[in-house]
Each structure stands twice: as structure tokens, then as C-alpha cells.
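Each chain, letter by letter, is given below.
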Amino acid sequence: VDDEDKRKIVKTLCKPLQIDDGKVSEYSNLIETIKNKNKENEMDSLLGEMGYEKEEIGVIKNLFDQYENYLRKNNSLDFNDLISKTILLFDEHTEILNKYANRLRYILVDEFQDTSQDQYDLLEKLASVHKNLFVVGDEDQSIYQWSGAKVFIVSECLKDFPGKVFKLERNYRSTKNILYLANNVISNNKKRVNKNLYTNKENGDGPVVYSAYDETDEARFIAREISNLLFQGYSCADIAVIIRIASLSRPIEEALRMYNIPYKLYAGRSFFETSEIKNLISYLNIFVNPKDEISLLRVINFPRRKVGEKTIEELKIEAGNRNLLNYLLSEDFKSSKHIGKLYDFVEGIKETKKKFEKEKDLSKLVLFVLKRFGILEEYSAKNEESKNRELNISSFVSGAKKFQEDNENATLSDYLSNIMLQTDKDDIQESGFVSVATIHAVKGLEFRVVFVAGLEKEIFPLDIKKYKGDLDEERRLMYVAITRAKEKIYFTHAERRMIFGKYEDREPSCFLSELNIVDPSRAGGSVGKRKENNAKKDEEFFESGYNVGDRVFLPRFGDGTIVEISDDGLVGKIDFEQVGIKEIMLDSTSLEKWKDE
């Protein structure tokens, strides 16, 4: 059960409890928080600390119990259960624990700083016999405290498993100037193992700090600098724009489009969270886990079979205590008034079950499901969205084939288990695209050039009181953002930003002063000075050299005519012959003016 399925379950359970739909997302997240923090038996105190009143705490506890019962009834687990249920299994059946603890003589754990208490408890049990544990981690990069990671887990591990500590302080990625900034910022966190990164690489370029008039000015500065970098020979894949929260992406995306810079946003849905892939996975789950009613209900009306909520409720009544899929496959269902709507669907399940008993080629099984249930026909429209969905499905089939090539005896269950644990990180740094991403999305990656945007109080760092956060964790996020850069780094913030339709004055982030860029000698080379935006938009005019009526050419859109230029001279409305009117930055290096013959 993934996050979207969990929200649907919670929404279903909220109805009979007369819980408002507006609470569904909040309560779904609460269930995850309770499990992450291993507080199932301490919900009253946890929810009380979070500000919930006694009456609402009772409602949440009731919902939590019903959610757990629903999972048990459907023979399903959510991500938190994968570890907690394994611990329970080991506690209740020591012979099973002994089997694995004896078998695993040496255990290596990477990214140890992100370990939760449950994960550590499991690790402790598996290493209980041989006690040969090797962990690699950097507590300065512990940025998942909100999901249950224990910041001081390294210290706890050293108490339970006394051993030798090796400090890996040499950095092979970044220049001296970039490491100087990272060390300055993270040194403000006092409860940490003292480390100081160093490198044998050159000093490199100093940082650039840009103080923008507003978020539009900030975004255009970023796009303009990227355009210049591309002109200098950098590729799009070399560059990342990193943001603390996804909501900052809109003006940046708009500016990149205006400069005709291709980009991809990595702050939203991953490949396996798209509706077309989730529908396909749900179909396949029916044959791996027949008790999975969640998957069945997702696809029972996809493609459309005129099966709505009323029909589903009536089917559940007809099924009684039986599993819904078993009822649909039974002789009793043939006398149901709904047999007409679902006859082909049920026959398709029967045919596919037989196919699964004989066919072992995973990609062929997936193709059979696609064809038998008419899934590809749902995306046959000749538009970009349908094409993208079709390509996603094609990629899924290819993934099944590649997985079986790499794992000779793999089953469909093995493949589905594998992909449920994947993220979209492997897609970041595709050639041809600038990456616009949250810090959490780029952890573990590197780029030649990094822009850290939105460095303002209550944005980065977040409002600690409002979000019940931790300034040390926010500082670790800043450290992670800086250390993504190999050669160049930019820091930007806005003097004002539009919030809910109104401009608000903004204060610079405290992290900007912690960079300590006023003393370049400590970095062993030149460090860029703060770059101020001395003129507001209405006081400056950019002389682009273009005029209304000029004929121009842009590789992406072809030939066009400038029909309007903004008051500041930066933006031109261009009527392109092939695609119509587009707003384009007139200082774009890829825009060319027609020469008079």
C-alpha cells in the first residue's frame, strides 16, 4: 500500500465516522507520523504535544485502529509495516530470528544517518549473533528527522557496538571555496561529531549572492545566468536549481520557459506514482495477491465499465463475508444484476490467471494484461498527454524485461516488490534538462553548477514554530544543498514575495550570514562579494536592441515578429508563425534578429 492508496483508504474510513473530507490528508499524514515514530501505544501524549484536543485525539485513535484493521483484512502492509512486522515476527519466533542472525555474519549499512528507531531495532537483532557491523553515514546530512530518522543514531550505535571510527573528511567533488561555505554553515550545529571537509582541488570560483527585488526578479536572474552558462559551454544536465519547498518552483519554471531553457521538475510525482502506472500495477497486483481489494477497486472501473460507488457497495453486500474477487469469480456472481457490466472484466481475470500459470516471461505477462483489458486504448488520443502516458507504460514493460534479465528466476511478485521501493532519483540529471528540485530530491547527487533559491526567513529555514521543525535540521539541509555543487554556486533571495495574492517584505535567511563570505582569505582564494540589486524594476530599463516590429528567430519556435515589449525592456511578446504568441526574454542568447537584406 503506497501513499496514494493510504489516502484513499483513510478517505473511505472517514465517511462513516463523519470526518470532514478536508481532514483526510492531515489524518493520513498523522497515521504515517505515528508509525514512523513508533508511537502506536503513546498516541495520547504524541497527539497532545502536537496540539490536538482530547475529543479529536479520540477520533484519530479510532481512525488509526480502523485503518490497521482494513490492512489486516486485505492482507496488506504499508511501508512502515515492512519493518515493524518483521520485528514482531522475530520477537514472537526466535527460531526465525536465529536463522537470519546466524546467517548474516557481516552487515554493511549505507546512509546510516537516516536510520529510524525501528530500522535500528531490526539491525540490532540481525547483528545480535556475530556483531560484525560496518556503518557508513554523515550526521551532517541527516535530513529525514520528520519521517522518524534519529539524528544521534551514530552515537547510539557506538554504545551498542563499540568499534573504531574513521572520519572521511577528504572531499573529491567540490572546490575549496564551496567546502569553505559548507564548513562555515554546518559548524553552527554544536551537537555533532566535529569534522572539517577538505579537498586537494583548486580554489575555484567564489559564490554569487543575488538580492532580488521580488520572486520574478530572482527567477529571471537565475534563468539569465543559466542562459549565459549554456553559452559558455555548460550543458543543461550540469545545472540544478535547488529549492527548500516545491511551491517556490512556479516563477522559476516560468522564467526558464521564457528563456527557452529545457528543465524538469523533481518535486512532485515520480514515475511509479503516475495514474497510468498505478493502474497497471493494480491490475498486476490482483494476480499476485488475490486478497488485495484496494487494487481491485482501483481498476474495477478502469477502463470505464459504468461501475460507480453505488454498484461497488451493492457488490460488497452481495459478497457478504467473502473476499470481493472470490465472489466475482464464483458461480453466485452469475446471477447478480451487475453481471452485464463486469462479465468481460471477470472473464479477463480468469483468462489472465491461466496465462500466469504457464507464461514466465514478465514482459509478455504485462503485455497480455495491457491487451486483454484494453488499457492502451485508453491512451490512444493524439495529444501530448496521452503520448506521454503511453511512453510511460512502454517504459514499464521494458523495466520488467530488464529486471528479469538481471534476475533470471524473478517472479512478477519480485518485480512489483522491487518497483514499490523505487523513486525518481535515477531520472535526475538526464541530459538535455536543467534540474529544478527540492533538496530532499537531490540528496546524493552532484552538479557542476548549483543555484540555491529562496534563502529567506520562514522559507529556508522554514518557520520552525509553525512547522514544529528543528533549526539544526534546516541547517543540515543547507549543508546538503551546498555540497551538491562541484564548481559554481549561487545563492538568491527576494526582498519581497507574493503570499496569497499580496506582497510581503522578506528578511534574508540567517544562513546567508553564516556563509561568512566577507573573509576570502580563509577560503584560500577569491570569494565573490554579495551582489545587490540596486534598482527596482520600475526604475530600470534593459536595452535589448529589439523593437516592436522586428523579425526574429528562435530555434524552438521558428520565425516570428515582436508585437509588444514590456516596460522594463526585458520581455517581448513574439507572434511566431508556427505556434502563435509567446513571451520570451529579449536577452536570451538563442534569440536572433533577422538581418536586413
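Relevant structure appears above.
Worth saying up front: this structure is predicted, and the values here are computed from it rather than measured. (Residues numbered from 1 in each chain as written. Predicted model: local features only at pLDDT ≥ 70, side-chain atom pairs only at ≥ 80, totals over all residues. Heavy atoms only, no water.)

Draft legend 1. Main features of a nonpolar patch on the surface. Taken together, Leu-77, Phe-79 and Leu-82 make up a surface patch of nonpolar side chains, about 250 Å² in accessible area. Residue class for Phe-79 comes out partly exposed when judged on its relative accessible area of 36%. (Patch = residues over 30% accessible without salt bridge, like charges linked within 9 Å, V, L, I, M, F, W, Y side chains within 5 Å. Areas by Shrake-Rupley, 256 points an atom, 1.4 Å probe, with all protein chains shown as cover. Salt bridge = Lys/Arg side-chain N within 4 Å of Asp/Glu carboxyl O. Buried < 20%, exposed > 50% of the residue type's maximum accessible area, 1.4 Å probe, protein only.)

Draft legend 2. Examining the sheet that holds strand S13 (residues 558-565) more closely. In space, the five strands of this open sheet follow the order S15-S14-S13-S12-S16, with antiparallel pairing throughout. Edge strands, defined here as strands with exactly one partner in the open sheet, are strand S15 (580-585) and strand S16 (592-593). As defined by bridge partners, strand S12 (residues 551-554) adjoins S16 across two bridges and the pair is classed as antiparallel. Across the sheet, the residue bridging to Val-552 is Lys-593, located in S16. (Pairing = 2+ DSSP bridges. Helix = DSSP H or I, 4+ residues; strand = E, 2+ residues; numbered from the N terminus.)

Draft legend 3. Quick peek at the packing of helix H10 (residues 215-232) against helix H11 (residues 249-258). Their axes nearest at 8 Å, the elements H10 and H11 cross at an angle of 45°. The pairing of H10 with H11 is recorded here as oblique in orientation. In terms of crossing hand, the pair formed by H10 and H11 is right-handed. Residues Glu-215, Ala-219, Arg-220, Ala-223 and Ile-226 of H10 touch H11, and the partners they reach there are Pro-251, Ile-252, Ala-255, Leu-256 and Met-258. Residues belonging to the contact of H10 with H11 are distributed by class as follows: eight nonpolar, no polar and two charged. (Axes fitted to C-alpha atoms, helices over the stretch in contact; angles between N-to-C directions. Parallel < 35°, antiparallel > 145°, perpendicular 65-115°, else oblique. Left-handed = near helix turned anticlockwise from the far one by under 90°. Contact = heavy atoms within 4.5 Å. Nonpolar A, V, L, I, M, F, W, Y, C, P; charged D, E, K, R; others polar.)

Draft legend 4. Structural context of the packing of aromatic side chains. Under the defined criterion, the tally for this structure stands at 13 aromatic pairs. Judged by centre distance (4.2 Å) and plane angle (15°), the rings of Phe-451 and Tyr-490 are stacked. On the criterion of sequence distance, the pair formed by Phe-451 in strand S7 (residues 447-452) and Tyr-490 in strand S8 (residues 485-494) is long-range, its members being 39 residues apart. Across the pair, exposure class does not vary: Phe-451 and Tyr-490 are buried alike. Between Phe-460 and Phe-511 the ring centres are 5.5 Å apart and the planes differ by 80°, which places this aromatic pair in the edge-to-face class. One end of the pair, Phe-460, is in the loop between S7 and helix H21 (471-482); the other, Phe-511, is in helix H22 (residues 510-514), with 51 residues separating them in the sequence. Residues Phe-460 and Phe-511 agree in their burial class; the two are buried. Put simply, the rings of Tyr-210, Phe-221, Phe-451 and Tyr-490 pair up and form one aromatic cluster. A cation over an aromatic ring shows up here: Lys-264 above the ring of Phe-433, its NZ or CZ 4.9 Å from the ring centre. One Lys or Arg, Arg-551, reaches over the ring of Trp-594 and ends 4.5 Å from the middle of that ring. (Phe/Tyr/Trp six-rings, centres within 6.5 Å; stacked < 30°, edge-to-face > 60°. Lys NZ or Arg CZ within 6 Å of the ring centre and 35° of its normal.)

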